[in-house]
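Chain residues, written in single-letter form:
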Amino acid sequence: MPLLERVRAELVRHQMVLPGDRVIVAVSGGPDSVALAHLLHRLAPEWGLSLHLFHMDHALRGAASRADAAYVAELARSLSLPLTTVALKAGELEREPGSLEANARRRRYAEIRRLAAAIGAQRVATGHSRNDQAETVLMRMLRGSGSTGLAGIPPVREEGGLVIIRPLLTCTRAEIEEYCRAHKLAPRLDASNLQQDFLRNRIRHELLPLLAERYDEAVVDHLAQMAELLREEDRLLADLAQQARARCGWREERTPSGELAVELDGPRLVQEPPALARRVVRMAVQRVAGAEYAPGLPAVNRVLELAGRTDGSHRLDLPQGVCLTVEYGRCRFARTVGESTPRDGQWQLVLGGETRIPELGLRVYTEVVPAAAVAGAEPPDEAWLDRDRLPGRLAIRLRQPGDRLWPVGMEGSKKLQDILVDAKVPRARRDRLPLLVAGDAVVWVPGVRRDRRFRPDAETRTVLRVVLRSAPEGPMGAGTAGASGCSGPSNMVH
Ligand SMILES: Nc1ncnc2c1ncn2[C@@H]1O[C@H](COP(=O)(O)OP(=O)(O)OP(=O)(O)O)[C@@H](O)[C@H]1O
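These numbers come from a predicted model, not from an experiment.

Cut-offs applied
Residues numbered from 1 in each chain as written. Predicted model: local features only at pLDDT ≥ 70, side-chain atom pairs only at ≥ 80, totals over all residues. Heavy atoms only, no water. UniProt positions renumbered as here; feature names shortened; annotations may be inferred. Helix = DSSP H or I, 4+ residues; strand = E, 2+ residues; numbered from the N terminus. Salt bridge = Lys/Arg side-chain N within 4 Å of Asp/Glu carboxyl O. Buried < 20%, exposed > 50% of the residue type's maximum accessible area, 1.4 Å probe, protein only. Contact = heavy atoms within 4.5 Å. Polar contact = N/O pair within 3.5 Å; in protein donor to acceptor, adjacent residues only side chain to side chain. Core = buried A, V, L, I, M, F, W, Y, C linked by side-chain atoms within 4.5 Å. Pairing = 2+ DSSP bridges. Axes fitted to C-alpha atoms, helices over the stretch in contact; angles between N-to-C directions.

1. Comments concerning the UniProt feature "domain: Lysidine-tRNA(Ile) synthetase C-terminal" (unreviewed entry) in the protein chain
Right, so step 1: Under the local residue numbering, the UniProt record ascribes the feature "domain: Lysidine-tRNA(Ile) synthetase C-terminal" (unreviewed entry) to residues 394–466.
Right, so step 2: Secondary structure across residues 394–466 divides into 15% helix and 33% strand, with the first and last C-alpha atoms of the span separated by 10 Å.

2. So, the pattern of salt bridges
Proximity of charged atoms lets side chains of opposite charge pair with each other.
Right, so step 1: For the structure on display, the rule yields 42 salt bridges.
Right, so step 2: The salt bridge involving Glu10 is made with Arg13; its shortest N-O contact spans 3.2 Å. Of the two residues, Glu10 and Arg13 both sit in helix α1 (residues 3–13), three residues apart, roughly one turn of that helix.
Right, so step 3: The buried category is assigned to Glu10, whose relative accessible area is 7%.
Right, so step 4: Its relative accessible area of 45% is what places Arg13 among the partly exposed residues.
Right, so step 5: With a closest N to O distance of 3.4 Å, Glu206 and Arg202 form a salt bridge. Here Glu206 and its partner Arg202 are both found in helix α9 (residues 198–214), four residues apart, which amounts to about one turn of the helix.
Right, so step 6: The network of salt bridges with common partners includes Arg251, Glu253, Glu263, Arg330, Arg332 and Arg363.

3. As for the side chain of Glu135
Right, so step 1: With respect to the helices, strands and loops of the structure, Glu135 is situated in helix α6 (residues 130–143).
Right, so step 2: On the basis of relative accessible area, Glu135 is assigned to the buried category, the value being 1%.
Right, so step 3: The residues contacting Glu135, other than those within four sequence positions of it, are Arg173, Arg200, Ile203, Arg204 and Leu208.

4. Digging into the environment of Pro209
Right, so step 1: With respect to the helices, strands and loops of the structure, Pro209 is situated in helix α9.
Right, so step 2: For the pair Pro209 and Arg427, spaced 218 residues apart in sequence, the C-alpha to C-alpha distance is 80 Å.
Right, so step 3: In this view, Pro209 contacts Ile203 and Arg204; residues no more than four positions away in its chain are not counted.

5. Focus: the side chain of Arg279
Right, so step 1: Along the chain, Arg279 turns up in helix α12 (residues 274–289).
Right, so step 2: Note on Arg279: relative accessible area 10%, which makes it buried.
Right, so step 3: Only 3.3 Å separates the side chain of Arg279 from the side chain of Thr148, close enough to count as a polar contact.
Right, so step 4: The contacts of Arg279, once residues within four sequence positions are left out, are Ser147, Thr148, Asp234, Leu237, Ala238 and Ala241.

6. Some thoughts on the nonpolar core
Right, so step 1: In terms of nonpolar packing, the biggest core is built from 36 residues, with Leu11, Val25, Val27, Leu51, Leu53 and Leu75 touching the most fellow members.
Right, so step 2: Counting only elements with at least two residues in this core, the list comes to α1, β1 (22–26), α2 (31–47), β2 (50–57), α3 (63–79), β6 (162–165) and α8 (173–182).
Right, so step 3: In terms of residue count, the dominant contributor to this core is α2 (nine residues).
Right, so step 4: Contacts of Leu75, omitting those with residues within four sequence positions, involve Val27, Val34, Ala37, Leu53 and Leu185.
Right, so step 5: One finds Val262, Ala277, Val280 and Phe333 within the second-largest nonpolar core, a separate group that totals 30 residues.

7. With respect to the sheet that holds strand β8 (residues 260–265)
Right, so step 1: An order of β7-β8-β11-β10-β9 is seen for the five strands of this open sheet, with the pairing classed as antiparallel. Since the sheet does not close on itself, it has two edges, and those belong to β7 (251–254) and β9 (313–318), each with one partner. Here the average twist between neighbouring strands, direction ignored, is 20°.
Right, so step 2: Sheet topology places β9 next to strand β10 (residues 322–327); six bridges connect them, and they run antiparallel. For Ser313, the partnering residue across the bridge sits in β10 and is Glu327.
Right, so step 3: Sheet strands in contact with α12 are β7, β8, β9, β10 and β11 (330–335), and its direction is about 160° off that of β8.

8. Things to note about unusual backbone geometry
For residues other than glycine, phi is negative in most cases, and the peptide bonds are mostly trans.
Right, so step 1: With a phi close to 50°, Asp344 is a non-glycine residue in the positive phi region.
Right, so step 2: Relative to the helices and strands, Asp344 resides in the loop between β12 (337–339) and β13 (346–348).
Right, so step 3: Of note in this structure, Lys424 is not a glycine but carries a positive phi near 55°.
Right, so step 4: With respect to the element layout, Lys424 can be found in the loop between α14 (416–422) and α15 (427–430).

Have a look at this one:
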């Protein structure tokens, strides 16, 4: 079947486009994406599609990169299609942490997303071919991936509100090159492949040709077929994992700093078949860390080892700043949780994250925000502080002799002891009352008084927002402090 018919069939089979869609075509200048632009241009009238080409000049190969961009500009002119080109500065991608390929991809999709919003596009088409599929599957086999990974590149996927379509996924590179020749397209060679991706390049140039020559001529087709079979099985497992998730009492909440946290029942989780339990863990971690990160098997296994523990509290740091805490069988996945152990009678706080203080049954969130981000009155369980006026590191501690406060709404200072007596805080609670301190200064007596010296005013540029909450239920945390515990006599909250 001619390539045009095949691509048309793929568009229909996977409902890749809807009539009237605005589609961005990501064109690197290499054969795949050039053929893609040409084919979609021919098919566009049938669906009434309006196409918009996109090219990113990664500035990785000097003059060659500029020539790719010029080639894509020429292609857009010849097809009378609008084109947006984004040119990065030389060295820009190298300076970012992480692999060059991942950085290039992230920047590319960020710009595509921006363009989609600007022109009201619903979809972006990329030129991945059956060969890309086979390479991806082989790379993942070598890494020991499960069925999700071995399902390879999906023909349609939604990512961050953008639908990515791959209409050439069933076409081989040879067929695409043949199409280019037949239509007198002279794409830039290998323009889409960042040379730095050594593993992919070796698989492309060494391993696949070797497999084809010595073992199986149709290896690319067979790997692509395996990916397609596994994609369907993977979808089924994903549905089952959703059900398992519900059985495990999956619950999501936003932390006061706006981050998502996921909680579930550990003993239930470990009773699920391992294939489903692992998926539920991956979902939880991805939900917290962001979809781009998929935790590897060692991390998932470590979670499952801990999840079933019902004896006391356990904590596990996972990659990407995700932390699992297991307390009496309840698993909680959240970002940057630090468990503070007291030093010199103080619990230091994690800045820009959550700190747990099991001894006081407290969770403390801190967040640095521009002054403009806070307005109105502080909720009773929050303190807003002028970061630049704080005299030292933020910590929680219990009261000490000689503590003083410069209370809001009062002249001068006052002994903490007198403040607590005036506020009718029962004696037994006074010694367990968490105080927020910065260096030696008491900044906030939650539920009782705030110190006026550190409060934001018109000159404040940066605010440190501190939120106190009680830790999840459990013998050590129950009800000692937190959202309920920090509410003193209500008329005394300042
Ligand atoms: N510089 C670029 N500008 C625009 N689109 C690009 C560029 N590079 C790659 N693409 C798009 O991405 C497709 C795949 O290219 P390539 O395999 O080099 O990238 P990749 O990083 O592996 O892709 P992905 O991350 O999307 O899986 C190309 O066919 C093209 O549609």
